[in-house]
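Commentary on secondary and tertiary structure
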Amino acid sequence: MTVKIGVIGTGAIGRDHARRINEVLGGAKVVALSDVNRASSEAVKKDIAPDAAIFATGEELIASADVDAVLVTSWGATHEQYVLAAIAAGKPCFCEKPLATTAEGAKRIVDAEVAHGKRLVQVGFMRRYDAGYVALKKTVDTMIGAPIMVHAAHRNPTVPKQYVTPMAIHDTMIHEIDVLRWLLDDDYVSARVLFPRAAARSHAKLRDPQIVILETARGTIIDVEIFVNCHYGYDIQCQVVGEDGIASLPEPMAIQTRLGAKLQNDILTDWKDRFIASYDVELQDFIHAAAKGTASGPNSWDGYVAAITSDACVAAQETDGAAVAIRLPARPALYQ
């Protein structure tokens, strides 16, 4: 079976996902495109998906009888409406993060999917598909004993001037929020945020760097350094301290050189290069599940929990280091 996929949002990530589906992966084909900028859809049709129909709205694309499954890669504020429309149509839906821009919006998606009675939504938390994180999880689960502490860092070389302090949570640390919860198989109960001396490249609306401290239900303490103007490269670090040993996320493969009296490895500067392989794996997983009329991987509940946790972390940015409680409702049976 070839899964006929419609892509809503044909900007950078939507275009790249369309390329992956039509040129790299198996079992699917892009048959429909929609974007508020029609020229963007026309460019993807011309370069990648010549047989695709172009729809004026995402809702019209979802309703089309020619579309089996939907990719939502549009502006974040539109995700909720398209995911809800896909659930109402009974069509599997892959949604790039965020699932919704508010926890209330994510809860509406959870409620709709539970009412439908079957999983239809996969959220684009691609780090769960990264080979390094998969290997790290296997080690944490089987070798180092109960996790006691996690030390993590998310460093970007630079960000645009319009990037402001809360975006360090909603746009950057959101990936750690999801992947560390998955890595530990544990939920968060509180968040604190500490601000060291500001780096020279920060500005009046961006306090950078910052350190987020999360506590889990089982008592694991997590510290995550977010430094979005570190200058030297794109650097993702994660070390789990267990009762019996320590496990660390492997570095991306790089050629080590001895040159000019120096021993050195290159450091990546672009997040797309660091996680490019994981995008292939996650979308292939979605295609396999969509062929069966369902979804796999990170689910709507994961997106909802990430939204609740993000809101708590942003609130903690304003509390001078005091903890903010993270309270989750009971998890529906659909996501157990």
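As shown above, the structure is provided for reference.
Per chain, residues are indexed from 1 in the order of the written sequence. Reporting in this predicted model follows two pLDDT cut-offs: at least 70 for local features of residues, and 80 or more for side-chain atom pairs to be given and counted; totals over whole chains, interfaces and linings ignore these cut-offs and use all residues. Computation of side-chain values covers all heavy atoms of the structure but excludes hydrogens and water.

Another aspect to go through is the sheet that holds strand β15 (residues 324–325). If DSSP finds at least two bridges between two strands, the strands pair. Helix and strand assignments come from DSSP, with helices taken as H or I runs of at least 4 residues and strands as E runs of at least 2, each series counted from the N terminus. Pairing in this open sheet of 7 strands is mixed, and the strands run β12-β11-β7-β10-β9-β8-β15 from one edge to the other. The open sheet is flanked by β12 (246–248) and β15, the only strands paired with a single partner. Sheet topology places strand β7 (residues 147–155) next to strand β11 (residues 235–242); 8 bridges connect them, and they run antiparallel. In the sheet register, Pro 147 faces β11, and the bridge partner there is Gly 242. Each of β8 (188–194), β9 (210–216) and β15 is contacted by helix α9 (residues 300–316), which is oriented at about 35° to β8, the strand it contacts most. Every residue pair with non-hydrogen atoms within 4.5 Å of one another is taken to be in contact. To get an axis, a line is fitted to the C-alpha atoms, and for a helix only the part in contact is used. The angle between two axes follows their N-to-C directions and goes from 0 to 180 degrees.

It is worth spelling out helix α2 (residues 38–47) at this point. When α2 is considered as a whole, its buried residues turn out to be Ser 40, Ser 41 and Val 44. The buried residues of α2 all sit within an arc of 100° when viewed along its axis, so they share a single face. Taken together, the buried residues of α2 touch α1 (12–24), β2 (28–34) and β3 (53–55). Each residue is placed in one exposure class: buried if its accessible area under a 1.4 Å probe, protein chains only, is under 20% of its type's maximum, exposed if it is over 50%, and partly exposed if it falls in between. The directions considered for the arc are those from the helix axis to the C-beta atoms.

Another point: the environment of Phe 286. The topology assignment puts Phe 286 in helix α8 (residues 271–290). When its relative accessible area of 0% is taken as the criterion, Phe 286 is described as buried. Each C-alpha atom, one on Phe 286 and one on Gly 297, is 7.7 Å from the other, the two residues being 11 residues apart in sequence. In this view, Phe 286 contacts Ala 69, Val 70, Leu 71, Pro 92, Cys 93, Phe 94 and Gln 122; residues no more than four positions away in its chain are not counted.

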